[in-house]
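# Architecture at a glance
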Amino acid sequence: MSVSVIDELGEFDGLEKAWQALLPQCATNSLFLTWEWQRAWWETFGQGKELRIVTVRDVQGRLTAVAPLFLWHAEIDPRAAVPNISVENPLVVSGSVGKRVAHLIGGTEVSDYLDVLSSGQDNQMVWRQVLDALEAAEWEVLDLNCIPAASPTLVSVPAIAQEKGWKVHLSKEDVCPQVELPSTWDEYLAVRLDKKQRYELRRKMRRAEEEVKVAWRWVDAAGFAAGLETFFRLHKASHPEKEAFMDKRMQGFFRSAAAAALERDWLRLALLEYNGEPVASYLCFDYGGDRLVYNSGFDLHRYGSLTPGIVLLGYLLRDAIEAGRKKIDFLQGNERYKYDMGARDTDVMRLIVQR
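Basis of the calculations
- Residues numbered from 1 in each chain as written.
- Predicted model: local features only at pLDDT ≥ 70, side-chain atom pairs only at ≥ 80, totals over all residues.
- Heavy atoms only, no water.
- Helix = DSSP H or I, 4+ residues; strand = E, 2+ residues; numbered from the N terminus.
- Rg over C-alpha atoms; globule rule 2.2 N^0.38 Å.
- Buried < 20%, exposed > 50% of the residue type's maximum accessible area, 1.4 Å probe, protein only.
- Areas by Shrake-Rupley, 256 points an atom, 1.4 Å probe, with all protein chains shown as cover.
- Lys, Arg positive; Asp, Glu negative; His and termini not counted.
- Charge placed at Lys NZ, Arg CZ, Asp CG, Glu CD.
- Axes fitted to C-alpha atoms, helices over the stretch in contact; angles between N-to-C directions.
- Parallel < 35°, antiparallel > 145°, perpendicular 65-115°, else oblique.
- Left-handed = near helix turned anticlockwise from the far one by under 90°.
- Contact = heavy atoms within 4.5 Å.
- Nonpolar A, V, L, I, M, F, W, Y, C, P; charged D, E, K, R; others polar.
- 1 Å grid on protein atoms, 1.4 Å probe; cavity = no way out; pocket = protein on both sides within 12 Å on 5 of 7 lines; lining within 4 Å.
- Points joined across faces, edges and corners; volume = space filled by probe spheres on them.
- Phe/Tyr/Trp six-rings, centres within 6.5 Å; stacked < 30°, edge-to-face > 60°.
- Pairing = 2+ DSSP bridges.
- Salt bridge = Lys/Arg side-chain N within 4 Å of Asp/Glu carboxyl O.
- Expected span 1.5 Å × (residues − 1).

Another point: the overall build of the protein chain. The number of helices and strands found in the protein chain is 13 helices and 13 strands. A globule of 355 residues ought to have a C-alpha radius of gyration of about 20 Å, and the protein chain, at 21 Å, matches this closely. A principal-axis box enclosing the C-alpha atoms of the protein chain has dimensions of 65 × 45 × 40 Å. Counting only residues that meet the buried cut, the protein chain has 53% of its 355 residues in that class. On the protein chain, roughly 15900 Å² of surface is accessible, and the fraction owed to carbon and sulfur atoms is 48%. Positive and negative side-chain charges in the protein chain, numbering 43 and 51 respectively, have mean positions lying 4 Å apart.

And the structure:
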């Protein structure tokens with residue numbers, strides 16, 4: 001068995017095929033841990049940061065684990081048990097102090113699930129090797145965010161930290177509401193929704209179909225560039241915070257990640273039109289048998305009363321059921337509409353280690 005630390009971009013690129021083969025065998029298998037997503041994130045947000053990907057290989061040289069990490073200098077509020085850190089858009093906090101932080105590639109703003117790539121059985125062994133390999137890096141804080149509550153990392157890392165006398169703080173970071181999908185649309189309406197939810201969804205979809213000409217579609221490869229521009233326009237028009245979020249750098253990341261997902265047939269970019277005008281768009285991914293509802297944009301100025309976001313979401317849910325998807329994952333955030341669609345919370349955790 002051999003452990004290596006990758007700090008060069010060329011070596012990161014050289015992991016592509018082995019990484020792709022390893023991920024489906026891991027305890028956490030997520031779109032956000034694919035080589036494609038991680039590479040797009042690093043290309044966009046890696047400037048000024050030190051790449052530290054730890055790899056583990058067996059005696060035959062086969063890749064058996066990956067810890068996709070980087071080091072950076074972060075300003076942290078020493079008074080906060082859970083400091084507010086944004087990797088993509090660093091915050092300025094009064095009274096903050098500089099710390100050398102080890103963080104997972106994928107950041108804090110655009111990835112919903114992160115973790116090491118390892119099986120559940122060897123997770124603690126992998127983390128021991130990772131932390132030993134990073135010993136010379138002189139990190140002060142290990143900040144592991146977006147860890148699924150079921151991940152063995154949440155058991156392994158605190159156990160190792162306790163042995164070493166390090167401080168550990170584990171907290172719930174957010175929720176990812178999900179809907180387990182039945183085999184038919186009628187069953188979904190009858191079983192996953194209560195009477196009021198069922199009535200409202202049907203009413204909103206029917207009203208739109210009666211008052212305007214409704215058409216929705218998946219954007220195909222030929223229309224990808226134009227479809228993504230429409231998504232950006234609708235996203236920024238939805239809310240001032242969304243407009244601020246979707247700056248040129250963020251658009252560049254979305255283009256890279258979406259193009260890679262399109263090539264792998266993971267991307268599902270939906271567009272809804274009322275009377276031929278684009279009024280809603282959802283950026284989704286089909287991965288691991290599930291549909292991930294990742295981001296959205298709506299035109300609420302002219303057709304807001306016809307709830308284009310909810311109408312399109314209804315079509316996406318019905319399509320997911322017809323396509324045999326196992327569940328809808330609304331990803332991070334506790335927005336009301338997710339629960340109106342029958343979602344139930346799953347947790348993502350944040351684990352902070354200080355030495």
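The geometry of helix α8 (residues 224-238) relative to helix α10 (residues 248-263) is characterised by a closest axis approach of 11 Å and an angle of 135° between their N-to-C directions. Put simply, α8 runs oblique to α10. As for how α8 packs across α10, the hand of that crossing is right-handed. Mapping the contact onto sequence places Phe224, Leu228, Glu229, Phe231, Phe232 and Lys236 in α8 and Gln251, Phe254, Arg255, Ala258, Ala259 and Leu262 in α10. Here the contact of α8 with α10 is composed, by residue class, of eight nonpolar, one polar and three charged.

Turning our eyes to something else, we now look at the layout of surface pockets. As a volume, the largest pocket reaches approximately 790 Å³. It is strand β11 (residues 290-298) that contributes the most residues to the lining of the largest pocket, five residues altogether. Considered class by class, the residues forming the lining of the largest pocket number 11 nonpolar, eight polar and eight charged. The volume enclosed by the second largest pocket comes to roughly 490 Å³. Lining the second largest pocket are 21 residues; nearest its centre among them are Asn29, Tyr113, Pro148, Gln178 and Lys327. Of all the secondary structure elements, the ones that give two or more residues to the lining of the second largest pocket are β11 and β12 (327-329).

Another aspect to go through is the packing of aromatic side chains. The geometry of an aromatic ring pair is captured by two quantities: the separation of the ring centres and the angle between the planes. Enumeration over the complete set of coordinates arrives at 29 aromatic pairs. Ring geometry for Phe231 versus Phe254: centroids 6.4 Å apart, planes at 20°, classification stacked. Of this pair, Phe231 sits in helix α8 while Phe254 sits in helix α10, and the two are 23 residues apart along the sequence. Looking at Phe231, the relative accessible area reads 0%, which means it is buried.

Next up on the list: the sheet that holds strand β7 (residues 178-180). The mixed open sheet is built from six strands, whose spatial order is β7-β12-β11-β10-β9-β8. Each end of this open sheet is capped by a strand with a single partner; those strands are β7 and β8 (214-218). When strand polarity is set aside, the average angle formed by the axes of neighbouring strands in this sheet is 20°. As judged from the three bridges shared by β7 and β12, these two strands associate in the antiparallel manner. Residue pairing across strands places Val179 opposite Ile328, the latter belonging to β12.

A word on the pattern of salt bridges. Side chains that carry opposite charge are capable of pairing whenever their charged atoms lie near each other. Enumeration according to the criterion identifies 25 salt bridges in this entry. Among the ionic pairs, Asp58 bridges to Arg62, the shortest N-O distance being 2.9 Å. According to the relative accessible area criterion, Asp58 is buried, its value standing at 17%. Across the salt bridge formed by Asp319 and Arg291, the nearest N and O atoms sit 2.9 Å from each other. Of this pair, Asp319 sits in helix α12 (residues 308-322) while Arg291 sits in strand β11, and the two are 28 residues apart along the sequence. As far as the burial class goes, Asp319 and Arg291 line up, both buried. Salt bridges sharing partners connect three or more residues here, namely Asp265, Arg268, Asp286, Arg291, Asp319 and Arg325.

For α10, with 16 residues, the first-to-last C-alpha span of 23 Å sits near the 22 Å given by 1.5 Å per residue. Count one or two residues on from α10 and you reach Asp265, which has phi positive near 60°.

Attention shifts here to empty space enclosed by the protein. A complete count under the given rule lists one cavity of 30 Å³ or more for this structure. Taken together, Trp37, Phe253, Phe254, Ala257, Ala258, Leu283, Phe285 and Tyr294 form the lining of the largest cavity. When residues of the lining of the largest cavity are traced back to their parent elements, those giving at least two are α10 and β10 (277-287). Top element by residues in the lining of the largest cavity is α10. It accounts for four residues. Of the residues belonging to the lining of the largest cavity, the class tally is eight nonpolar, no polar and no charged.

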